[in-house]
Amino acid sequence: MSAIADSVRRAITDGAHPPGSLLGARRIATQIGAPTVERVDLALQDLQREGLLNISPSKRVRVVGRAQRAERPEQIAEWLRYLIQSGVYPPYTVLPPLQPLARSLVSSTPDVTEALRLLAKQHILLIRRGHRALVLPDPPFPTVAPPDLDNLILALTRRATPDEQLTATDVLAACTQTHSWWASRTMPPPDKADVLIATLTAAVTRLVSRAAEHHCQDPEVRTVLRRAAVTALKERPSDRWEQIWRTACLGTLVRDLYQLEPLSTQPPEPDTCAAGTRLNTSAPERTVAV
């Protein structure tokens, strides 16, 4: 299997598989004489962990550019720095464990690990083996107290576009769509991205408001609510790829907010939402208040 990975890695390095190109396991197996397609699949998964490839939920394999791979830890570190500055993770806060943190950032654990190391070198985090990352008491930039949830909800209400027809199924389909775009590195038309961002912002507004009432004494939940609100309120980045990534992160937070809902109101997960699929807000389904 390592020989297969080495062969594909060389082809990427030599430019035979340029950034953005799609790879097929069967074609690779035929070209290099691999014994089985399954072995090629495993090798491609190894290369994804190295950051050389992206494998979408539909198993499409796309080559990632060198510059994009190099920038991922820096982008993640920059976003975590913003969350610390904005009071979501104030000084003395212990960050979530690596695996949940990587999931919430829609990123690989190696990229998140490298981002944490970058923040440690900048004297923002303390990292010790066997311990979760800790925000240092005196980071090299001004910080603020954790923002008041009532003020965040008010700001979200002003930002969100009310839509009484919005269903929980619509919202979860939007979450799936944003993840699909990011995983496959598909650049959606701006109007489609605008619709999904508006959908997720409206969902965050309602879900944060409801969760704040039912979980007001739980500090960990309040941190999740602040992070969701701050993420939804942050201005969009000028870089379109970073915008898609940030929206996918928001989609993950919306899913987490649904986990705070009573079991009787949690909607079923949508099966799939292929890139480019129009969200249907008028389908004759049971409407669940978002």
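In the block above lies the structure referred to throughout.
Report on the accompanying structure. Not measured: the values here are computed from a predicted model.

Cut-offs used in this document
- Residues numbered from 1 in each chain as written.
- Predicted model: local features only at pLDDT ≥ 70, side-chain atom pairs only at ≥ 80, totals over all residues.
- Heavy atoms only, no water.
- Axes fitted to C-alpha atoms, helices over the stretch in contact; angles between N-to-C directions.
- Helix = DSSP H or I, 4+ residues; strand = E, 2+ residues; numbered from the N terminus.
- Parallel < 35°, antiparallel > 145°, perpendicular 65-115°, else oblique.
- Left-handed = near helix turned anticlockwise from the far one by under 90°.
- Contact = heavy atoms within 4.5 Å.
- Nonpolar A, V, L, I, M, F, W, Y, C, P; charged D, E, K, R; others polar.
- Phe/Tyr/Trp six-rings, centres within 6.5 Å; stacked < 30°, edge-to-face > 60°.
- Lys NZ or Arg CZ within 6 Å of the ring centre and 35° of its normal.
- Salt bridge = Lys/Arg side-chain N within 4 Å of Asp/Glu carboxyl O.
- Core = buried A, V, L, I, M, F, W, Y, C linked by side-chain atoms within 4.5 Å.
- Buried < 20%, exposed > 50% of the residue type's maximum accessible area, 1.4 Å probe, protein only.
- Pairing = 2+ DSSP bridges.

1. Digging into the packing of helix α9 (residues 190-214) against helix α11 (residues 240-259)
As a packed pair, α9 and α11 sit with axes 10 Å apart at the nearest point and diverge in direction by 30 degrees. With respect to α11, the element α9 is oriented roughly parallel. The two elements α9 and α11 meet at a crossing, and its hand is left-handed. Along its contact with α9, which presents P190, A193, I197, L200, A203, V204, L207 and V208, the element α11 presents R240, Q243, T247, L250, G251, V254, L257 and Y258. Here the contact of α9 with α11 is built from residues that sort into twelve nonpolar, three polar and one charged.

2. Describing the packing of helix α8 (residues 168-183) against α9
Put simply, α8 and α9 touch, their axes get as near as 10 Å, and they point 130 degrees apart. Relative to α9, the element α8 is oriented oblique. The way α8 lies across α9 gives a crossing that is left-handed. On the side of α8, the interface is formed by V171, A174, C175, Q177, T178 and W181, while α9 contributes K192, A193, L196, T199, L200 and A203. Classifying every residue of the contact of α8 with α9 gives eight nonpolar, three polar and one charged.

3. Some points on the packing of aromatic side chains
All told, the structure shown has one aromatic pair when counted by the stated rule. We note R72 situated over the ring of W245; from NZ or CZ to the ring centre the distance is 4.7 Å. A cation sits over an aromatic face here: K234 above Y82, 4.8 Å from the ring centre.

4. Details of the pattern of salt bridges
By the definition in use, this model includes seven salt bridges. The partner of E235 in a salt bridge is K234, and the shortest N-O contact between them spans 2.7 Å. A salt bridge links E242 to R246; the shortest N-O distance between them is 3.7 Å. Taken together, the residues E242 and R246, both in helix α11 and four residues apart, mark about one turn of the helix.

5. Some remarks on the nonpolar core
With 60 residues, the main nonpolar core has L125, V204 and V254 as its most contacted residues. Mapped onto this core, the elements with two or more residues apiece are α4 (66-85), α5 (98-104), α6 (109-121), α7 (149-159), α8, α9, α10 (219-233) and α11. Filtering out sequence-adjacent residues up to four positions away, V254 remains in contact with V171, C175, L200, A203, V204 and L207.

6. Comments concerning the sheet that holds strand β2 (residues 53-55)
Across the sheet, three strands lie side by side as β1-β3-β2; this open sheet has antiparallel pairing. A strand with exactly one partner marks an edge of an open sheet, and here the two such strands are β1 (22-23) and β2. Inspection of the sheet shows β1 paired to strand β3 (residues 61-63) by two bridges, in the antiparallel sense. Within β3, the position partnered with L22 by the bridge is R62.

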